[in-house]
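Observations on the three-dimensional arrangement
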Amino acid sequence: MADAVVVNGIYYKRRNPWGVFGLSIITLGIYAIVWYYKINNELRNYGIENRPGIATLAVTLGALLLVPPFVSYYKSADRILQAQKRAQSEERIIPVLALLLILVVSVFALPYYQSQLNKVWDAEAE
């Protein structure tokens, strides 16, 4: 389901976007939380300033305050955009579109995030 990509001696996972979706559905959202931490941690390891624990906390317990999850999802999309620019990926994520997907169809946004992150690893693998 996931291919390993090595960048500067660090392993990153190129995950199947629809696998992320399916596992999130099957595990009733538990995998989505783990996945969210992992992608933010990968972005931090890649050199994009980030605090994966805080980002994950914002989408879990922060949901009680309504606003933090949306801020966190937007910032994560922006981090993916920064990584895409750094990797010189041709196609780029649109953070506002990512946020709208979260607002409208929630779990269907996960494949979009993952497919855009995969573009970073694809660009680095070349």
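For the structure, see preceding data.
Residues numbered from 1 in each chain as written. Predicted model: local features only at pLDDT ≥ 70, side-chain atom pairs only at ≥ 80, totals over all residues. Heavy atoms only, no water.

**Topic: the packing of aromatic side chains**
Aromatic ring pairs are defined here through the distance separating the ring centres and the angle between the ring planes. Filter applied, for reference: Only centres within 6.5 Å qualify two rings of Phe, Tyr or Trp (six-membered ring in Trp) as a pair; their planes then separate them into stacked at under 30 degrees, edge-to-face at over 60, and tilted for everything else. The helix and strand labels rest on DSSP assignments: H or I over at least four residues marks a helix, E over at least two residues marks a strand, and numbering proceeds from the N terminus. Whether a residue is buried, partly exposed or exposed follows from its accessible area with a 1.4 Å probe, protein chains only, as a fraction of its type maximum: under 20%, in between, or over 50%, in that order. Geometrically, a lysine NZ or arginine CZ counts as sitting over a ring once it is within 6 Å of the ring centre and also within 35 degrees of the ring normal.
For the structure on display, the rule yields eight aromatic pairs. On the numbers, 6.4 Å between centres and 50 degrees between planes, the contact of Trp-35 with Tyr-36 is tilted. Between Tyr-46 and Trp-121, the aromatic rings sit 5.4 Å apart at their centres with planes inclined by 85 degrees, giving edge-to-face as the arrangement. Highlighted residues: Tyr-46 in helix α2 (residues 30–46) and Trp-121 in helix α6 (residues 109–125), separated in sequence by 75 residues. You'll find Tyr-46 and Trp-121 in the same group, each marked buried. Taken together, Trp-35, Tyr-36, Tyr-73 and Tyr-113 form an aromatic cluster joined through their ring pairs. In this arrangement the basic side chain of Arg-86 is found over the ring face of Tyr-46, its NZ or CZ atom lying 4.5 Å from the centre.

**Some words on the nonpolar core**
Quick reminder of the rule: Residue types Ala, Val, Leu, Ile, Met, Phe, Trp, Tyr and Cys, when buried and joined through side-chain atoms within 4.5 Å, form a set referred to as a nonpolar core. Whether two residues are in contact is decided by their heavy atoms: any pair within 4.5 Å suffices.
Grouped together as the largest cluster of nonpolar side chains are 30 residues, with contacts concentrated most on Trp-35, Tyr-46 and Tyr-113. Aside from chain neighbours lying at most four places away, what touches Tyr-46 is Val-7, Tyr-12, Ala-83, Arg-86, Ala-87, Val-120, Trp-121 and Glu-124.

**Things to note about the pattern of salt bridges**
Filter applied, for reference: Within this document, salt bridges are pairs made up of a side-chain nitrogen of Lys or Arg and a carboxyl oxygen of Asp or Glu, the two lying within 4 Å of each other.
The final tally for this structure, using the stated rule, is three salt bridges. Among the salt bridges present, the one from Glu-42 reaches Arg-15, with a minimum N-O distance of 3.0 Å. A residue pair is termed long-range when its members are at least 10 positions apart, and Glu-42 in helix α2 and Arg-15 in strand β2 (residues 10–15) qualify at 27 residues. Taken individually, Glu-42 and Arg-15 each receive the classification buried, so the pair is uniform in this respect. Between Lys-119 and Glu-91 there is a salt bridge, and its shortest N-O distance comes to 3.8 Å. Pair noted here: Lys-119 is in helix α6 and Glu-91 is in the loop between α4 (68–87) and α5 (95–105), with a separation of 28 residues, a long-range link. Of the residues examined, Glu-91 reaches a relative accessible area of 45% and is grouped as partly exposed.

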